[in-house]
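Examination of the molecular architecture
Given next are the chains, with one letter for each unit.
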Amino acid sequence: MPSPTRPPVVAALTLGCKLNQAETQQAARELQRHGCVTVDRPSRADAYLINTCTITHVADRKARRLIRLAQKLSPEAPVIVTGCYAERDGAALARDLNVRVVGNADKSTAARSVLDALREVSLPAAATESPSSSGRTRAFLKIQEGCDDVCAFCIVPYVRGRERALPIPEIVSQARERVTEGVRELVLTGTQPGAYGRDRDDGASAARLIEALLAETDAPRIRYSSIQPQDITPELLACWEDARMCRHFHLALQSGSDPVLRRMRRRYSAAQFEQAVAQIRTAVPGASITTDIIAGFPGETEADHDATIALMERVRFADVHVFPYSSRPNTSASLLPDDVPPPLKRERAAQLRALGHEHTQQWRSAQIGHTAPVLFETDDRGLSDTYLPVRAAESAARVNRIIPVHIGALDDDSLELIGETA
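Residues numbered from 1 in each chain as written. Predicted model: local features only at pLDDT ≥ 70, side-chain atom pairs only at ≥ 80, totals over all residues. Heavy atoms only, no water.

1. Quick word on the environment of leucine 352
Inspection of the secondary structure puts leucine 352 in helix H12 (residues 342-365). Leucine 352 gets classed as buried once you look at its relative accessible area, which sits at 2%. When the C-alpha positions of leucine 352 and alanine 295 are compared, they lie 8.1 Å apart, and in sequence the two are 57 residues distant. (Helix = DSSP H or I, 4+ residues; strand = E, 2+ residues; numbered from the N terminus. Buried < 20%, exposed > 50% of the residue type's maximum accessible area, 1.4 Å probe, protein only.)

2. Observations regarding the packing of aromatic side chains
Tallied over the full model, the rule gives 5 aromatic pairs. With a centroid separation of 6.5 Å and 85° between ring planes, the pair formed by phenylalanine 153 and phenylalanine 297 is classed as edge-to-face. Remark: phenylalanine 297 occurs in the loop between strand E12 (288-295) and helix H11 (302-315) and phenylalanine 153 occurs in the loop between strand E7 (144-145) and helix H5 (156-160); sequence separation between them is 144 residues. A relative accessible area of 0% means that phenylalanine 297 is categorised as buried. Judged by centre distance (6.1 Å) and plane angle (45°), the ring pair of tyrosine 268 and phenylalanine 273 falls under tilted. Per residue, the accessibility class of tyrosine 268 equals that of phenylalanine 273, and both read buried. By way of ring pairs, the aromatic residues Phe153, Phe297 and Tyr325 are connected into one cluster. The ring centre of phenylalanine 376 lies 5.4 Å from the NZ or CZ of arginine 398, which sits over that ring. (Phe/Tyr/Trp six-rings, centres within 6.5 Å; stacked < 30°, edge-to-face > 60°. Lys NZ or Arg CZ within 6 Å of the ring centre and 35° of its normal.)

3. Some points on the nonpolar core
One finds Leu188, Tyr196, Ile210, Tyr224, Trp240 and Phe317 to be the most contacted residues of the largest nonpolar core, which totals 67 residues. No other element matches helix H7 (residues 206-216), which puts 7 residues into this core. With 20 residues, the next largest nonpolar core counts Tyr48, Ala70, Val79 and Val81 among its residues. (Core = buried A, V, L, I, M, F, W, Y, C linked by side-chain atoms within 4.5 Å.)

4. A short note on H12
Taking 1.5 Å of rise per residue, 24 residues should cover 34 Å, and H12 covers 34 Å from first to last C-alpha, within 8% of that figure. Of the residues making up H12, those classed as buried are Lys345, Arg348, Ala349, Leu352, Leu355, Gly356, His359, Thr360, Trp363 and Arg364. The inward-facing, buried residues of H12 abut E12, H11, strand E13 (319-324), strand E16 (389-392), strand E17 (402-411) and strand E18 (416-421). (Expected span 1.5 Å × (residues − 1). Contact = heavy atoms within 4.5 Å.)

Laid out in structure tokens, this is it:
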């Protein structure tokens, strides 16, 4: 164990989605309750907890690289690996990289595994680190996990299982705890958060959950992440009449081509996607809409690719994440001929990213002259309610405060908005 004059330092590191971030934050809180100091960046530590993603082969590679970095930073420190990559190929990770593996089914025990590992080894003192700021201004609340949609390209149902929603009272209780701790923004997350409650028989729904959080907590801001187009309803959008709801919707597109969407086993057409966008923009003026797009899905033709470009031009997203298609084991798409050559995938992805970057710049430029409520995560940087990165022109003590900022400029290099606080 580390020197008795200081607590053990644990680096709790996250790759992948907001659900992983929520679970890492929960593990970090448990470690802190047991006397550990946690940090959320790669640094020297007495132990490492690495929460992994396996959505693409690139995600797998990032996980292996982070594990090796941890082992290089502190060669004697135990490394506990959890998350979706650990669930999918844990035996290989344990064998090849000499780590301890905790699968998704046992992820709630990950912090306990770290504590057990610390008790088993005698470690030299690590460099003193500052405690993690993760979860102090914005906390990720896990509201459900698993997915019943089983899209053709997605490995998540295989590594996360089918949908399991937490009861509304349990989520409200966790939200109150985070607010009591000083958290200013709650981010509701899950594998399929827009479908919250459809596995339950108690009438739970996304709208009812948000209504309960608004009525029963004092959370200054609530952000709802990753909603599917088919889950956009008037009842849900009515929740945004409360100014505490952040005006940001992440609405996954994946493709603007109906034939590709059908092969992907998505539950909407391109027209239905655009209808959902129109509903949001009517009900929540000024909302930012971000998306995910896959380039080069099996069978994607030039016409399919052009259809995606055309839809992007019509919608003009505030931000776009583009992924070249990556075949994943245990998915139905892995049985399809992967007939888009890798160079063409990269070319199409680059074209989509360039167009997305152009639209992002236009969206952010349009915010100049407006005033936005910004939650500051450092003294001079924070996020607006529309999920835009904002930098104050002058530094001051602002951490964990929501302050109106008048936007005066856009940093073209970082696409960061710059403004004066009121």
